[in-house]
Amino acid sequence: MQDKAKEKVSMVSLGCPKNLVDAEVMLGYLSREGYEVTTDEHEAEIIIVNTCSFIKEAKQESIDTILDLADRKHDARCRLLIVTGCMPQRYQEELSMELPEVDIFVGTGDYPRIVEIIAEQRQSGGQIRYTGDPNYLYDGELPRLKSSPYYTAYLKIAEGCSNCCSYCVIPSLRGAFRSRPMEKLLREARELVNGGVKEINLIAQDITTYGKDLTGGESLESLIGELAGIEGLSWIRLLYAYPDGISDSLIRIIKEEDKVCKYLDLPLQHISDPILQRMNRRSTESEIRALISRLRSEIPAIALRTSFIVGFPGETEEDFTKLLHFVEEVQFERLGVFCYSREEGTPAAAMPDQISERIKRDRYKKLMRAQARVSFKRNRRLIGTMEQVIIEGYSEESDLLLKGRSSRQAPDIDGQVYITAGNANIGEIVNLRITDSSDYDLIGEIVS
């Protein structure tokens, strides 16, 4: 067997930031044991694909990536192809039969065993699978090789989900919601900041549930308060906050704590009460409207991001029109739209009145066109105002043009700011005057 100290491993992580943290933990274990991490799959003897299977498009992306990388076993150095994450957890039998090129399948509960699993496969020589109960809970004391830019990081504060929305497979893939102890989160956050991190993005399937399963009185609000006390940390961002979990105390800390970005990700999914009920969502239209009104009243500068599903079973033209008018009326700063994906094993998959793919796509396009108009209008209103912006590098258009993100833009999913005047270093937070805008991006000049 080749000396592992000389073996190179490459990771392709697909899906959400929660998946990215899992990938970084696996890389941390491998690096600690002497494997060399490379971003070039052509150089790697071991290639790992960390998959997502949340919706149909994510599954197809995972399969396409696996098949593409399987070719590397023939025309490159790759001798071991490993598939990890949600897809093997959900489809271990099918994948094993259909993808003989894959040497190892690892589910969502066995990430910490990646080194010993590789050693076992080397001894057996055949395809092996590890897809046990998804009860793994990331611990900040575990090795983690961060792959995002040095100035930003995701902090996974919990694992799993207990909300049981009728369209969602996450509880079966990730288990019930379980919070990480606060002292471990704070220790990890301090280590990240000591390593240069200025922005911490809190992630979980539902961050508002944090601490409710713990016995020490921990809560999202108390966690934010402790994080805000870390010297050197500039921004704290809240992602995936379910609307029914937004308390007055959480609104207050977003409003009053300077380090908390005036930004909130609220996955609403729909606005029509019959659809919300069929989705097994706990919020009603009136409650959602009241929450948004309260947020905008208490925190006028807040940027609200949400996501909607179109084409859910039983969604009538009236339901969709209500959603379309809601988007035009409320004017979210950021918005994502998904076509409903019929996932086997979920209650929604067995519901009558499934919507055709053509209608789903048509509704998707209408909603996205409406949001593009909304986003353009809201961005134009920012011209002449000041924004705090973190510098991320040079524009793809020109190496003379810097780009960054404002405190009201999350990594990877929101727009960017293009900087036409002034200089700053990557990772530096600067004041920027907005001079122009497009549908989703801003343009501005650094103000000394």
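See above for the structure.
Throughout what follows, the structure given in this document is the object of discussion.

### Some points on the sheet that holds strand β13 (residues 303-310)
Then comes step 1: As summarised here, the arrangement of the six strands in space is β7-β10-β11-β12-β13-β14, forming an open sheet in which the pairing is parallel. If you trace the sheet from one side to the other, it starts and ends with β7 (152-156) and β14 (334-339), each paired once. Averaged over all pairs of adjacent strands, the angle between strand axes in this sheet comes to 15°, irrespective of strand direction.
Then comes step 2: Direction of pairing for β13 relative to β14: parallel, over a ladder of six bridges. From the neighbouring strand, Thr-306 faces β14, where its bridge partner is Leu-335.
Then comes step 3: In this fold helix α9 (residues 248-256) packs onto β11 (235-238) and β12 (260-269), with an angle of close to 140° to the strand it touches most, β12.
Then comes step 4: Running over the sheet, helix α11 (residues 285-298) touches β12 and β13 and is turned about 170° from β12.

### Brief notes about the packing of aromatic side chains
Then comes step 1: Using the criterion set out here, one finds six aromatic pairs in the structure.
Then comes step 2: A centroid spacing of 5.4 Å and a plane angle of 85° characterise the contact between Tyr-150 and Tyr-151, whose relative ring orientation is edge-to-face.
Then comes step 3: For Tyr-150, a relative accessible area of 40% corresponds to the partly exposed category.
Then comes step 4: Take Tyr-151: its relative accessible area is 2%, and that puts it in the buried class.
Then comes step 5: Each residue in the set Tyr-167, Phe-312 and Tyr-340 is aromatic and connected to the rest through ring pairs, giving one cluster.
Then comes step 6: Between Lys-18 and the ring centre of Tyr-240, over which it is positioned, the NZ or CZ distance is 4.2 Å.

### A closer look at the packing of α9 against α11
Then comes step 1: At a minimum axis distance of 10 Å, the contact between α9 and α11 shows a crossing angle of 30°. If you check the angle between α9 and α11, you find them roughly parallel. Crossing geometry of α9 relative to α11 is assigned as right-handed. Residues Asp-248, Ile-251 and Lys-255 of α9 form the contact with α11, whose participating residues are Leu-291, Arg-294, Leu-295 and Glu-298.
Then comes step 2: A breakdown of the residues in the contact of α9 with α11 according to their chemical character gives three nonpolar, no polar and four charged.

### Notes on unusual backbone geometry
Then comes step 1: Positive phi, normally seen in glycine, also occurs at Tyr-240, with a value near 65°.
Then comes step 2: Backbone geometry at Asp-412 places phi at a positive 75°, although glycine is not the residue there.
Then comes step 3: Residue classification places Asp-412 among the exposed positions, given a relative accessible area of 71%.

### A word on the sheet that holds strand β2 (residues 36-37)
Then comes step 1: Within the open sheet, the six strands sit side by side as β2-β1-β3-β4-β5-β6. Their pairing is parallel. The two strands at the open ends of the sheet, each matched to only one other strand, are β2 and β6 (128-130).
Then comes step 2: Pairing geometry for strand β3 (residues 46-51) and strand β4 (residues 80-85), over six bridges, is parallel. Its bridge partner lying in β4, Ile-47 is registered against Leu-81.
Then comes step 3: Contacts from helix α2 (residues 56-70) reach β1 (8-13), β3 and β4, with the element oriented near 175° to β3.
Then comes step 4: Here helix α4 (residues 86-98) sits on the sheet in contact with β3, β4, β5 (104-106) and β6, set at roughly 125° to β4.

### Considerations on the pairing of strand β15 (residues 386-394)
Then comes step 1: Note: β15 against strand β18 (residues 429-437), five bridges, orientation antiparallel. Its bridge partner being in β18, Met-386 is matched across the sheet by Arg-433.
Then comes step 2: Relative to strand β16 (residues 402-406), β15 runs antiparallel, the two sharing five bridges. Paired with Gly-393 across the bridge in β16 is Lys-403.

### What to know about α11
Then comes step 1: Along its 14 residues, α11 runs 20 Å from first to last C-alpha, staying within 8% of the 20 Å computed at 1.5 Å per residue.
Then comes step 2: Its buried side turned inward, α11 meets α9, β12, α10 (273-278), β13 and α12 (317-330).

### What to know about the pattern of salt bridges
Then comes step 1: On inspection of all chains with the given rule, the structure shows 37 salt bridges.
Then comes step 2: A salt bridge links Lys-59 to Glu-344; the shortest N-O distance between them is 4.0 Å. In this pair, Lys-59 is assigned in helix α2 and Glu-344 in the loop between β14 and α13 (357-381), connecting sequence segments 285 residues apart.
Then comes step 3: Overall, Lys-59 belongs to the buried group, its relative accessible area being 14%.
Then comes step 4: The class of Glu-344 is partly exposed, set by a relative accessible area of 43%.
Then comes step 5: Of the charged contacts in the structure, one is a salt bridge between Glu-188 and Arg-180, with a shortest N-O distance of 2.9 Å. For the pair Glu-188 and Arg-180, a shared accessibility class is recorded, and that class is buried.
Then comes step 6: Each member of the salt-bridge network shares a partner with another, and the members are Asp-22, Lys-156, Glu-159 and Arg-174.

### A look at the environment of Leu-81
Then comes step 1: Tracing the sequence through the fold places Leu-81 in strand β4.
Then comes step 2: With 71 residues separating them along the chain, Leu-81 and Ser-10 place their C-alpha atoms 10.0 Å apart.
Then comes step 3: Among all residues touching Leu-81, those that are not within four sequence positions of it are Ile-47, Val-49, Ile-66, Leu-69, Ala-70, Lys-73, Glu-101, Val-102, Asp-103 and Ile-104.

Criteria and thresholds
Residues numbered from 1 in each chain as written. Predicted model: local features only at pLDDT ≥ 70, side-chain atom pairs only at ≥ 80, totals over all residues. Heavy atoms only, no water. Pairing = 2+ DSSP bridges. Helix = DSSP H or I, 4+ residues; strand = E, 2+ residues; numbered from the N terminus. Axes fitted to C-alpha atoms, helices over the stretch in contact; angles between N-to-C directions. Contact = heavy atoms within 4.5 Å. Phe/Tyr/Trp six-rings, centres within 6.5 Å; stacked < 30°, edge-to-face > 60°. Buried < 20%, exposed > 50% of the residue type's maximum accessible area, 1.4 Å probe, protein only. Lys NZ or Arg CZ within 6 Å of the ring centre and 35° of its normal. Parallel < 35°, antiparallel > 145°, perpendicular 65-115°, else oblique. Left-handed = near helix turned anticlockwise from the far one by under 90°. Nonpolar A, V, L, I, M, F, W, Y, C, P; charged D, E, K, R; others polar. Expected span 1.5 Å × (residues − 1). Salt bridge = Lys/Arg side-chain N within 4 Å of Asp/Glu carboxyl O.

Spatial relationships are all this shows, so hold off on functional conclusions.
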